[in-house]
Amino acid sequence: MKVFDLIKNRLCKISRKKAVLLIIISSLLFFLLLCTLIIPPSLLKKSPGYSYALYDTNGLLLGARVASDEQWRFEPSQVPVKFKKAIITYEDKRFNYHLGVDLFSIARAINQNAKSNRIVSGGSTITMQTIRLLYGNPKRTYPQKIREAFIAFIFELRFSKKKILELYSAYAPFGGNVVGLEAASWRYFNRPPSELTWAEAATLAVLPNQPALVYPGANSSILLEKRNSLLQNLYDKNIIDLKTLSMALEEELPAKPYPLPNAAYHYLDYLIYNSRNKKTKFYTSLDYTMQKNTFRIIEYWSQEFARRGIDNAAALVLDTQTLDILAYCGNTGADGRNEESYAVDIIQAKRSSGSLLKPFLYAAMLDSGELLPDQLVIDIPTRIGSYKPDNNIPKYSGLVPASEALTRSLNIPAIRELQIFGLNRFLDILKKSGFTTFTRSADDYGLPLILGGGEITMQEGARAYANLMNKACGYNSISPFSRGSAWLTIETLATGIRPDDEANWQSYMNSKKIAWKTGTSNGNRDAWAIGVTPQYTVAVWVGNASGKGNPDLKSVSTSAPIMFDIFSTLPQTTWPDMPQEELLPQLVCAHSGYAAGPNCPDTKMIFRSKKAISPKLCPYCTTISFTPDGKYRASAEDLTGQQAGIYNGSLPKIEKHFVLPPYLEYWYKNTNLAYQPLPDFVPWHTASTKDSFSIVFPQSGTNYIIPVELDGSPGAMVMQAATRSSESVLYWDLDGHFLGLTERVHEMTVAPSPGKHTLTVTDNNGTIQKRFFEILEQ
Ligand SMILES: [Zn+2]
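**A look at the coordination of the zinc ion**
Next up, step 1: With distances of 2.2 to 2.4 Å, the protein atoms coordinating the zinc ion are Cys589 (SG), Cys600 (SG), Cys618 (SG) and Cys621 (SG).
Next up, step 2: One can describe the donor arrangement at the zinc ion as tetrahedral, given that its 4 donor atoms subtend angles of 104 to 120 degrees at the metal.
Next up, step 3: Positions of the donor residues of the zinc ion along the chain correspond to the pattern C-x10-C-x17-C-x2-C. Highlighted residues: Cys589 in strand 15 (residues 583-589) and Cys618 in the loop between strand 16 (603-609) and strand 17 (621-626), separated in sequence by 29 residues. For the pair Cys589 and Cys618, a shared accessibility class is recorded, and that class is buried.

So this is what it looks like as structure tokens:
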């Protein structure tokens, strides 16, 4: 009770009159508080959708999309000072001082309207006009005006002047479907509001009141008059100086409106789709010039390819070191050429990798020590099970340096190397390199993985190449390779031996060193090219979004020239120095590229990855004994006795030699003219000649499927053998049935039935070789 008495006492001390006043004031304040809390948000909710906008790294607009109600209306943003001064001077001189309602201008308006007996002047403040715009521009009546004035007052209590001006500028009409300062600024002057001149800001300031004035023609003199009068006003108020005024008066009015840019259509789509907080403005790392150039280049080439039935292309440019996207062109046909396929964003689409993964296998094997940079790898007709890859060229080299196999993009060496390295290990390398699309099992992909049996996205492919370069440069990179191996790989991709048609492109680019790789997928469905320097990574894809193949779709004539064209528009780039501390000197066989063995006749010093342990010794060099004149091969026994004739009693000449087994020599000697096959043995030689011939095909322990001919008859296989001596005669026998003999060209065509078979070949010296293989049912 004590407390209650205390309050009662206190209340009595305040006079009744004062208490009533207090209640009125506090309930008024409470009411206002309620209004500020309730009314404005409901109003703001009425705001219609905004245009999506994409800006480059410097804030330049690169792409925009009309809002859902077909209006160009950008989300509110800061109002630059020139437009702010111009609009306040023109529309609402006392904007900064009133509370939403300007009694002076209302009085003047009532006076003017009464004189002319109609509404000629609104007397509306910018705040009231903002409310009007938020209400969707209803009919101008006195009750509506009063409502606007009331809400304007509440608005002023709730929002800052800055915020109100931002809302006004975002919703003001600027003619046609152009709403808001930003859309108007791009549409009429092709630049952001912050870069408008005083004359331009003044032009835009007079428009919201009479947006129809913007259309050129009869109205332009009125618009000019209004603009100039506003400029004069700004001068009179000391906002601009005389020099600025006279220059501004000279400026011309905007002519034909600029189309709003649409140069990053797919990237904007991508950002909208991936935006979590319903953003409408996207400030990106794109570079305006690079985006425009890339867009122009791929559109140009794509139009050429379209004549040959290749409709689509895409290109991506990354900042190599930061992986930031500098240009993103997800497809071609913006002109309406590809109505259906244009919407597909190839950069995010999963497509066959073609040969793009080969450098990652090379780098991995340099690190594991399974390869030295120029070590010979096998390139002969190969079947693995029923799988028979080919090189896309009708020629085999027998053996080819691994670096050259990479830059010539030979398929057979890649398949054989992958078999040695292991699929699971390679899939692991790919995942560590940043590829997320390899979700199937190693068995499911099989060895064709290295030829494009799996799918990648352009974005991940470009990043993996950029990361390889970053590793070579010694920057932070997720790339799983050592710096030494990454450097050797990118150096090979920049300087390696190319097929003739690709070599032309390289010379075209001789001013820039670029590590690059092309790739054409099976069935000519995807043509890739990725090039990388320490500064830029350029990825290009050409093909049909539908996946339709085309015989003209070859990376060398489609994606490669586009990639080089894009590089030619980019600034000069650098190249990483050889990371001496990450490499070890290695003595290798000059012929085979393997670590030099005791029998290698010629050696040289190269650098290998520091990480590689115990590289393999040269398996091809051996010591050979000849007659003293070097004319024949001969053992010591061959040089004694009557039969030895003039050589009787002489000592054999023993030399170190690079000698290939016949099945490799058969192909190798045709492409390597410097290779000297060994001479024949002396004619009376009878010692073991176990390696004087070899069966090239079939190989032992393998399964084959022979396709049925088109007419339904059983298909045939061509068995092959290679001999060291051109005099050799081979006798062919299959399962105990003599097939025939061959001289010079050792090929035998047979059509074995399904089941297990034994091939026996005998030469004229009596050497016997056998092959065991199985023909599978189709
Ligand atoms: Zn050797």
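We are not done yet, so read on.
**Some remarks on helix 19 (residues 458-473)**
Next up, step 1: Here helix 19 spans 23 Å end to end across 16 residues, near enough to the 22 Å set by a 1.5 Å rise per residue.
Next up, step 2: In terms of burial, helix 19 is largely enclosed, as 15 of its 16 residues are buried.
Next up, step 3: Two residues or fewer past helix 19, Gly474 is found with a positive phi of approximately 85 degrees.

**Comments concerning the pattern of salt bridges**
Next up, step 1: Scanning the entire structure with this criterion turns up 18 salt bridges.
Next up, step 2: Salt-bridge contacts for Glu182 lead to Lys281; the nearest nitrogen and oxygen are separated by 2.7 Å. Taken together, the positions of Glu182 in helix 8 (residues 181-189) and Lys281 in strand 5 (residues 281-283) put the pair 99 residues apart, joining distant regions of the chain.
Next up, step 3: The exposure class of Glu182 is buried, given its relative accessible area of 10%.
Next up, step 4: Where Asp335 meets Arg337, a salt bridge forms, and the shortest distance between an N and an O atom there is 3.9 Å.
Next up, step 5: Residue Arg337 is classed as partly exposed on the basis of its relative accessible area of 29%.
Next up, step 6: Each of Glu299, Asp335 and Arg337 takes part in one network of salt bridges that share partners.

**Notes on the sheet that holds strand 24 (residues 747-750)**
Next up, step 1: Sheet architecture is open: 3 strands sit in the order 19-21-24, paired in antiparallel fashion. The open sheet has two free edges, formed respectively by strand 19 (693-697) and strand 24, since each of these has just one partner strand. Taking the axes of each pair of neighbouring strands and ignoring which way they run, one obtains an average angle of 25 degrees across the sheet.

**Remarks on the sheet that holds strand 22 (residues 729-734)**
Next up, step 1: Spatial strand order, 20-26-25-22-23: 5 strands in an open sheet with mixed pairing. Edge positions in the sheet fall to strand 20 (702-704) and strand 23 (737-743), since each of these pairs with one other strand and no more. This sheet shows a mean twist of 30 degrees between the axes of neighbouring strands, independent of strand direction.
Next up, step 2: Looking at chain direction, strand 22 and strand 25 (residues 755-763) are connected through 5 bridges and run antiparallel. Across the sheet, residue Tyr731 finds its bridge partner in strand 25, namely Thr762.

**Examining the pairing of strand 25**
Next up, step 1: Here strand 25 runs beside strand 26 (residues 768-775); their pairing, made up of 8 bridges, is antiparallel. Each bridged residue has a counterpart across the sheet, and for Lys756 the counterpart in strand 26 is Glu774.

Rules used throughout
Residues numbered from 1 in each chain as written. Predicted model: local features only at pLDDT ≥ 70, side-chain atom pairs only at ≥ 80, totals over all residues. Heavy atoms only, no water. Donors = N, O, S within 2.8 Å, 3.2 Å for Na, K, Ca; no water. Tetrahedral: all angles 85-135°; square planar, octahedral: opposite > 155°, others 65-115°. Helix = DSSP H or I, 4+ residues; strand = E, 2+ residues; numbered from the N terminus. Buried < 20%, exposed > 50% of the residue type's maximum accessible area, 1.4 Å probe, protein only. Expected span 1.5 Å × (residues − 1). Salt bridge = Lys/Arg side-chain N within 4 Å of Asp/Glu carboxyl O. Pairing = 2+ DSSP bridges. Axes fitted to C-alpha atoms, helices over the stretch in contact; angles between N-to-C directions.

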